[in-house]
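# Topology and contacts: notes
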2 protein chains.
Amino acid sequence: MSLPHAILTALLEKPSSGLALTRRFDKSIGYFWSATHQQIYRELGKLEEGGLIRALPSPQPTRGQKKEYEVLPAGRAELAAWVDRAEDPKPIRDPLLLRMRAAAVVGPGGLGVELSRHLALHQAQLKEYEEIEERDFPAGARDGAQDRLRHLVLRGGIELETFWIGWIEEALAGMPEADSEPGA
Amino acid sequence: MSLPHAILTALLEKPSSGLALTRRFDKSIGYFWSATHQQIYRELGKLEEGGLIRALPSPQPTRGQKKEYEVLPAGRAELAAWVDRAEDPKPIRDPLLLRMRAAAVVGPGGLGVELSRHLALHQAQLKEYEEIEERDFPAGARDGAQDRLRHLVLRGGIELETFWIGWIEEALAGMPEADSEPGA
DNA sequence: AATCCCATGTAATCTGTTACATGATTGC
DNA sequence: GCAATCATGTAACAGATTACATGGGATT
């Protein structure tokens, strides 16, 4: 139940068309909640139908025509209620951890190569986050409540990437190349 | 595409019935890939149909009768291939980070309460992992390739919980009670 | 008129969740 | 016999992914 709220948040930050939203879900909001344009258009339809957002009046709203959306008061209220709502953290569900566990049973095979590849991807993502941090939250700047919260979210991303980098390095250290298979 | 491989891994570790698998997905494997019994039964059916596992011969395989499964060579091969396969890390998709971002727009409301609740849950989970580590991987024990990999997976869980605890504490520190709402 | 890009969608499929149904076994 | 529990499933739906379809405007 997070996608509609991700969209409401994005639209409150700046009213947008479906495509513009899609672009923003490739960065910014999308760093913490990804979505494709199909999901976004479908959800925009539902949100409009539910009276949480509305399309800004435009000449002719036909197919292929840009349609800008803005959040209605009901939408803002729903988002505020969601922020407060109790919702348990989802248990971890990560394919890489699972693959490591499988490797313990069938042997690591070429997992080392894959780990190195992931390491590079996480390092690149970390670098991207750090550049954003430098640009948007330079050290020593006074910031308001809004900025503090947004910075905190970014810190979360940075620390998660840092965790992965450390964990993968640890994994690679204990994994020569083609290790021998454990017992059948 | 991870659920079938999670099941193959679990069945290689120990042939089991559907219900026994379900129980094990509440701990162990389930710490890194959760699944309900409905998912498991459905997937067991597909895996059997696909010739990756088979039900051990039993008296009368009717409804309500226990059915034990074991992995066939094709299943082991598929799992080994999956361990090697290139599969990009999924982008972060976390409701709590998203809620923090939404809080930057609509104000934190009672998010602090929710954060404290999550903090307690993560602390409990961390404790559970640490007890497992003490029990299964006591310091100074020599361990084989299999144990090293399984320990590494557990370390991943421990470090992830540690991250969340740190991050939530950081968040709570910068969030008195009911902060004032930022701009409309 | 052909091609490309912007923009909005539909359809099919897969994965995951929630609620419910059915049969077998065991203890009372 | 009845209730509780073990065990295996069905059905309906919600959410996410992938592939494809449609149309407008600009460029060449």
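Since this is a predicted model, take the numbers as computed values, not measurements.

### Remarks on the protein's contact with DNA strand D
Surveying the vicinity of DNA strand D reveals 21 residues, the closest of which are Gln 38 of chain A together with Leu 19, His 37, Tyr 41 and Lys 67 of chain B. Taking all atoms of DNA strand D within 4 Å of the protein, the share assigned to sugar and phosphate is 56%. Note that a base nitrogen of DNA strand D is positioned 2.6 Å from one of the side-chain N or O atoms of Gln 38 of chain A. In this structure, a phosphate oxygen belonging to DNA strand D sits 2.7 Å away from a main-chain N or O atom of Leu 19 of chain B. Mapped by element, the contributors of at least two residues to the surface near DNA strand D are α3 (37-49) of chain A together with α2 (18-24) and α3 (37-49) of chain B. The leading source of residues in the surface near DNA strand D is α3 of chain A, at 4 residues.

### Some thoughts on the interface of chain B and chain A
The interface of chain B with chain A comprises 71 residues on the first partner and 71 residues on the second. For the pairing of chain B and chain A, the buried interface totals around 6800 Å² over both sides, and the portion due to carbon and sulfur atoms is 64%. At the junction of chain B with chain A, the criterion picks out 4 salt bridges. Close ionic contact of Glu 13 of chain B with Arg 101 of chain A constitutes a salt bridge, the shortest N to O distance being 2.9 Å. Elements represented by at least two residues in the side of chain B that touches chain A include exactly α1 (3-13), α4 (73-84), α5 (95-106), α6 (111-136) and α7 (145-173) of chain B.

### A look at the sheet that holds strand β2 (residues 53-55) of chain A
Residues and elements named next belong to chain A. Strand order in the open sheet made by the 3 strands is β1-β3-β2, with antiparallel pairing throughout. The sheet is open, and its two edges are formed by β1 (16-17) and β2, each paired on a single side. Bridging between β2 and strand β3 (residues 68-71) involves 3 bridges; their strand directions are antiparallel. Bridging across to β3, Ala 55 finds its partner in Tyr 69. Of the strands in this sheet, β1, β2 and β3 are in contact with helix α1 (residues 3-13), which crosses β3 at around 100°.

### Focus on the UniProt feature "domain: Transcription regulator PadR C-terminal" (unreviewed entry) in chain A
Under the local residue numbering, the UniProt record ascribes the feature "domain: Transcription regulator PadR C-terminal" (unreviewed entry) to residues 92-173 of chain A. With 82% helix and 0% strand, residues 92-173 of chain A has end C-alpha atoms that lie 24 Å from one another.

### Quick notes on the protein's contact with DNA strand C
Neighbouring DNA strand C are 21 residues, the closest being Leu 19, Tyr 41 and Lys 67 of chain A together with Gln 38 and Gln 65 of chain B. Near-protein atoms of DNA strand C (within 4 Å) split between backbone and bases, with sugar and phosphate holding 56%. Measuring from a base oxygen of DNA strand C, one finds a side-chain N or O atom of His 37 of chain A at 2.8 Å. Separating a base nitrogen of DNA strand C from a side-chain N or O atom of Gln 38 of chain B is a distance of 2.7 Å. When residues of the surface near DNA strand C are traced back to their parent elements, those giving at least two are α2 (18-24) and α3 of chain A together with α3 of chain B. For the surface near DNA strand C, the leading source of residues is α3 of chain B, giving 4 residues. Its residues assigned to classes, the surface near DNA strand C comprises 5 nonpolar, 9 polar and 7 charged.

### Thoughts on unusual backbone geometry
Non-glycine residue Ser 28 of chain A carries a positive phi angle of around 50°. Relative to the helices and strands, Ser 28 of chain A is located in the loop between α2 and α3.

### Quick notes on the nonpolar core
The biggest cluster of nonpolar side chains holds 107 residues, and the ones touching the most others in it are Met 100 of chain A together with Met 100 of chain B. Ignoring anything within four residues of it in the chain, the contact list for Met 100 of chain B reads Leu 149, Leu 152 and Val 153 of chain A together with Leu 111, Leu 115, Trp 167, Ala 171 and Met 175 of chain B.

### A look at the relation of the copies chain B and chain A
Turning chain B through 180° and shifting it by 0.0 Å along the axis lays it on chain A, with an RMSD of 0.1 Å. Taken together, the rotation and translation describe the operation of a two-fold axis. The fraction of interface residues of chain B whose copies in chain A are also interface residues reaches 100%, indicating that both copies meet through the same surface.

### A few points about the sheet that holds strand β1 (residues 16-17) of chain B
Across a sheet, strands are paired by hydrogen bonds formed along the backbone, either parallel or antiparallel in direction. Residues and elements named next belong to chain B. Read across the sheet, 3 strands follow the order β1-β3-β2 without closing on themselves; strand pairing throughout is antiparallel. Because the sheet does not close on itself, it has two edges, and the strands there are β1 and β2 (53-55). When β1 meets strand β3 (residues 68-71), the two strands line up antiparallel, connected through 2 bridges. Residue Ser 16 lies in a different strand from β3, and its bridge partner there is Tyr 69. With respect to the sheet, α1 is in contact with β1, β2 and β3, its orientation differing from that of β3 by roughly 100°.

### Some remarks on helix α5 (residues 95-106) of chain A
In this model, α5 of chain A (12 residues) spans 16 Å end to end at C-alpha, consistent with the 16 Å of a helix rising 1.5 Å per residue. By the criterion of burial, α5 of chain A is predominantly enclosed, with 12 of the 12 residues buried. If you check which residues of α5 of chain A are buried, you get Pro 95, Leu 96, Leu 97, Leu 98, Arg 99, Met 100, Arg 101, Ala 102, Ala 103, Ala 104, Val 105 and Val 106 of chain A. Tucked into the core, α5 of chain A has its buried residues touching α6 (111-136) and α7 (145-173) of chain A together with α1, α4 and α7 of chain B.

### Quick look at the packing of aromatic side chains
Ring pairs (aromatic) are described by centroid distance and by the angle formed between their planes. All names here are of chain A. Tallied over the entire structure, the rule returns 10 aromatic pairs over all chains. With a centroid separation of 5.2 Å and an interplanar angle of 85°, the aromatic rings of Tyr 31 and Tyr 129 are classed as edge-to-face. With Tyr 31 in the loop between α2 and α3 and Tyr 129 in helix α6, this pair connects stretches of sequence that are 98 residues apart. Residue class for Tyr 129 comes out buried when judged on its relative accessible area of 2%. The rings of Tyr 31, Phe 32 and Tyr 129 are connected pair by pair, giving a single aromatic cluster.

Calculation rules
Residues numbered from 1 in each chain as written. Chains lettered and ligands numbered in written order. Predicted model: local features only at pLDDT ≥ 70, side-chain atom pairs only at ≥ 80, totals over all residues. Heavy atoms only, no water. Near = heavy atom within 4 Å. Polar contact = N/O pair within 3.5 Å; in protein donor to acceptor, adjacent residues only side chain to side chain. Helix = DSSP H or I, 4+ residues; strand = E, 2+ residues; numbered from the N terminus. Contact = heavy atoms within 4.5 Å. Buried area = accessible area lost by both parts, 1.4 Å probe. Salt bridge = Lys/Arg side-chain N within 4 Å of Asp/Glu carboxyl O. Pairing = 2+ DSSP bridges. Axes fitted to C-alpha atoms, helices over the stretch in contact; angles between N-to-C directions. UniProt positions renumbered as here; feature names shortened; annotations may be inferred. Nonpolar A, V, L, I, M, F, W, Y, C, P; charged D, E, K, R; others polar. Core = buried A, V, L, I, M, F, W, Y, C linked by side-chain atoms within 4.5 Å. Buried < 20%, exposed > 50% of the residue type's maximum accessible area, 1.4 Å probe, protein only. Least-squares fit on C-alpha atoms with pLDDT ≥ 70 in both. Expected span 1.5 Å × (residues − 1). Phe/Tyr/Trp six-rings, centres within 6.5 Å; stacked < 30°, edge-to-face > 60°.

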